[in-house]
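Given next are the chains, with one letter for each unit.
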Amino acid sequence: MQCRDCRDALGPRLDGELPVDETREIDRHLAKCPACAREFGTLTETHRILSENLMQYRAPDVLKARIRSAVAGVPASREPVHAVPAWWRQVAAGLLIAIMSSGVTYVAVDRSVHGAVAADELLESHVRSLMPGHLTDVVSTEHHTVKPWFNGRVDVSPAVPNLDSAGFALVGGRADYVRGRVVPVVVYARRQHMINVYVWAAASADAAAPNDLSRNGYHFVTWRTGGIEYWAVSDLNAAELHMFVATFAAAR
Amino acid sequence: MTDGSLQRFERIVLPHLDDAYTLARYLLRDEHDAQDVVQEASLRALRYFESYSGGDARAWLLAIVRNCSRTWRKRHRFDDRTIPFDDAEEISTSEADSPDATAVHASEQARVQRAIDSLPDEFREVIVLREVQDLSYREIGDVVGVPIGTVMSRLARARKRLAALLEIDAREAS
């Protein structure tokens with residue numbers, strides 16, 4: 001074997017890309033040719049230094065969460081969340097019956113319709129927030145940084161509690177346009193799931209206990225306290241989202 | 001996309017996000033750009049998932065990541081010059097550091113990282129696919145879109161250049 005042919009095969013020999021017979025032929029040549037052997041030594045050493053020092057990165061959990069959530073959100077594009085004619089007809093029928101039967105029922109149905117419409121808009125906003133670069137305007141795990149950022153951007157000052165000890169990491173905040181106004185959104189993460197907390201001034205001053213809804217695999221928990229209405233939206237399971245809401249509300 | 005193929009996508013493609021992110025980190029040299037590109041590539045992979053014919057899902061996803069990275073660099077008028085390899089920086093830091101094993105290892109890692117960063121794209125990608133991600137020549141050819149012969153010659157030239165930058169010589173090593 002010529003040295004020239006041997007040199008070309010050293011890389012494939014190192015990478016285990018040669019058939020057995022060629023491997024044997026190369027090894028025989030290396031045993032009796034010091035120049036090729038030295039070249040192979042350099043190549044082997046280069047490979048060793050590279051594989052020992054080059055890092056295999058781990059995708060950040062926030063990125064995995066964004067991707068999993070965005071992927072989960074794809075079927076929603078097939079059935080647009082706001083185009084619900086069949087559903088609307090049922091509600092309309094329900095409303096009509098409600099109006100005819102009693103005022104109290106009417107109020108209850110009206111409130112659930114209001115909630116459902118908010119949930120549809122929030123679902124769109126939540127899925128949009130998971131697209132690259134949309135999740136946070138201010139990225140910080142420090143609530144003293146996130147809370148003042150909202151000053152002058154939105155008309156309510158949201159609570160931004162630190163919930164690290166409960167396993168909910170603060171990711172940051174953003175101002176989002178929902179239901180015809182700019183609202184603050186506080187963003188938390190649990191494992192690979194993002195939680196968006198939307199905050200706005202409540203139409204009613206009465207407090208309301210957490211109430212939940214589901215849409216396309218996303219869960220919503222809404223509650224009202226101190227004249228502020230909160231909506232937590234996530235693909236996290238309902239039990240853990242309730243735990244989040246309890247911790248969030250208690251930390252205020 | 002049906003629920004079944006969505007589940008298949010989650011099972012087959014999503015486990016390779018670490019590899020996808022690693023390739024994007026090396027190609028773009030920026031963690032935020034890498035995150036955006038991996039997300040874009042994943043959504044594109046989902047859109048094209050019907051056309052995925054089986055075979056190595058990792059290589060399939062990495063090919064999409066590579067293409068998205070190239071588009072990203074063009075779109076963002078990425079400065080295509082490579083970062084010059086500068087040994088002086090490393091010497092001053094290693095002198096300042098205490099000579100314990102972790103510090104030596106960290107500075108060696110930084111030196112290797114700088115050598116990789118100084119390679120032209122076409123060399124850097126084959127080195128990362130081979131040395132970090134352990135792909136076969138055929139898989140590298142599929143990801144990069146070149147014949148195996150080209151993979152071989154690029155890899156040989158890239159390693160030769162790295163050996164020179166890192167002053168690796170079998171005479172000293174043995």
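Everything here concerns the structure above.
To start, this report covers the structure provided alongside it. Values in this document were obtained by computation on a predicted structure and should not be read as measured data.

### Side note on the packing of aromatic side chains
Residues and elements named next belong to chain A. Scanning all chains against the criterion turns up 15 aromatic pairs over all chains. Between the aromatic rings of tryptophan 149 and phenylalanine 150, the centroid separation amounts to 5.3 Å while the plane-to-plane angle is 75°, which identifies the pairing as edge-to-face. Note on accessibility: tryptophan 149 and phenylalanine 150 belong to one class, buried. Both rings, one in tryptophan 223 and one in tyrosine 230, keep their centres 4.9 Å apart while their planes meet at 10°; by these two values the pair is stacked. Three or more aromatic residues joined by ring pairs make a cluster, and in this case those are Phe168, Tyr188, Trp223, Tyr230, Phe244 and Phe248. Here arginine 190 stacks its cationic end above the ring of phenylalanine 168, 4.4 Å away from the centre of that ring.

### Topic: the interface of chain A and chain B
Contacts between chain A and chain B engage 39 residues on the former and 44 residues on the latter. For the chain A and chain B pair, buried surface summed over both sides reaches about 3,900 Å², with 62% attributable to carbon and sulfur atoms. Looking at the side of chain A facing chain B, the largest losses of area belong to Asn53(A), Leu54(A) and Tyr57(A), adding up to 18% of the total buried there. Arg159(B) is the partner of Asp15(A) in a salt bridge, and the nearest nitrogen-oxygen pair spans 2.8 Å. One can count 13 residue pairs in polar contact (both at pLDDT 80 or more) joining chain A with chain B. Elements with a contribution of two residues or more to the side of chain A that touches chain B: α1 (3-14), α3 (34-53), α4 (61-73) and α5 (75-78) of chain A. In terms of residues, the side of chain A that touches chain B owes the most to one element, α3(A), which gives 13 residues. Partitioned by chemical class, the residues of the side of chain A that touches chain B number 19 nonpolar, nine polar and 11 charged.

### Quick notes on helix α2 (residues 17-28) of chain B
Residues and elements named next belong to chain B. Here α2 is 12 residues long and its end C-alpha atoms lie 16 Å apart, about the 16 Å a rise of 1.5 Å per residue gives. Of all 12 residues making up α2, 10 are buried, and the element is well covered by its neighbours. Taken as a whole, α2 has its buried residues at Leu17, Asp19, Ala20, Tyr21, Thr22, Leu23, Ala24, Tyr26, Leu27 and Leu28.

### A short note on unusual backbone geometry
Generally, phi is negative for residues other than glycine and the peptide bonds are trans, each holding for most cases. Despite not being glycine, Asn216(A) shows a phi value in the positive range, around 45°. In this fold, Asn216(A) is placed in the loop between β5 (208-215) and β6 (218-225). Here the phi dihedral of Arg29(B) falls at roughly 55°; this positive angle occurs in a residue that is not glycine. With respect to the helices, strands and loops of the structure, Arg29(B) is situated in the loop between α2 and α3 (31-47).

### Digging into the sheet that holds strand β2 (residues 169-178) of chain A
Within a sheet, adjacent strands bond to each other through the backbone by hydrogen bonds, running parallel or antiparallel. All names here are of chain A. Spatially, seven strands are ordered β1-β2-β3-β4-β7-β6-β5 in an open sheet, and the strand pairing comes out antiparallel. The sheet terminates laterally at β1 (138-139) and β5, the two strands that pair on one side only. Sheet topology places strand β4 (residues 193-201) next to strand β7 (residues 228-234); seven bridges connect them, and they run antiparallel. Paired with tryptophan 200 across the bridge in β7 is glutamate 229. Across the sheet, helix α9 (residues 238-251) lies against β3 (181-190), β4, β5, β6 and β7, angled at about 25° from β6, the strand it touches most.

Parameters at a glance
Residues numbered from 1 in each chain as written. Chains lettered and ligands numbered in written order. Predicted model: local features only at pLDDT ≥ 70, side-chain atom pairs only at ≥ 80, totals over all residues. Heavy atoms only, no water. Phe/Tyr/Trp six-rings, centres within 6.5 Å; stacked < 30°, edge-to-face > 60°. Buried < 20%, exposed > 50% of the residue type's maximum accessible area, 1.4 Å probe, protein only. Lys NZ or Arg CZ within 6 Å of the ring centre and 35° of its normal. Contact = heavy atoms within 4.5 Å. Buried area = accessible area lost by both parts, 1.4 Å probe. Salt bridge = Lys/Arg side-chain N within 4 Å of Asp/Glu carboxyl O. Polar contact = N/O pair within 3.5 Å; in protein donor to acceptor, adjacent residues only side chain to side chain. Helix = DSSP H or I, 4+ residues; strand = E, 2+ residues; numbered from the N terminus. Nonpolar A, V, L, I, M, F, W, Y, C, P; charged D, E, K, R; others polar. Expected span 1.5 Å × (residues − 1). Pairing = 2+ DSSP bridges. Axes fitted to C-alpha atoms, helices over the stretch in contact; angles between N-to-C directions.

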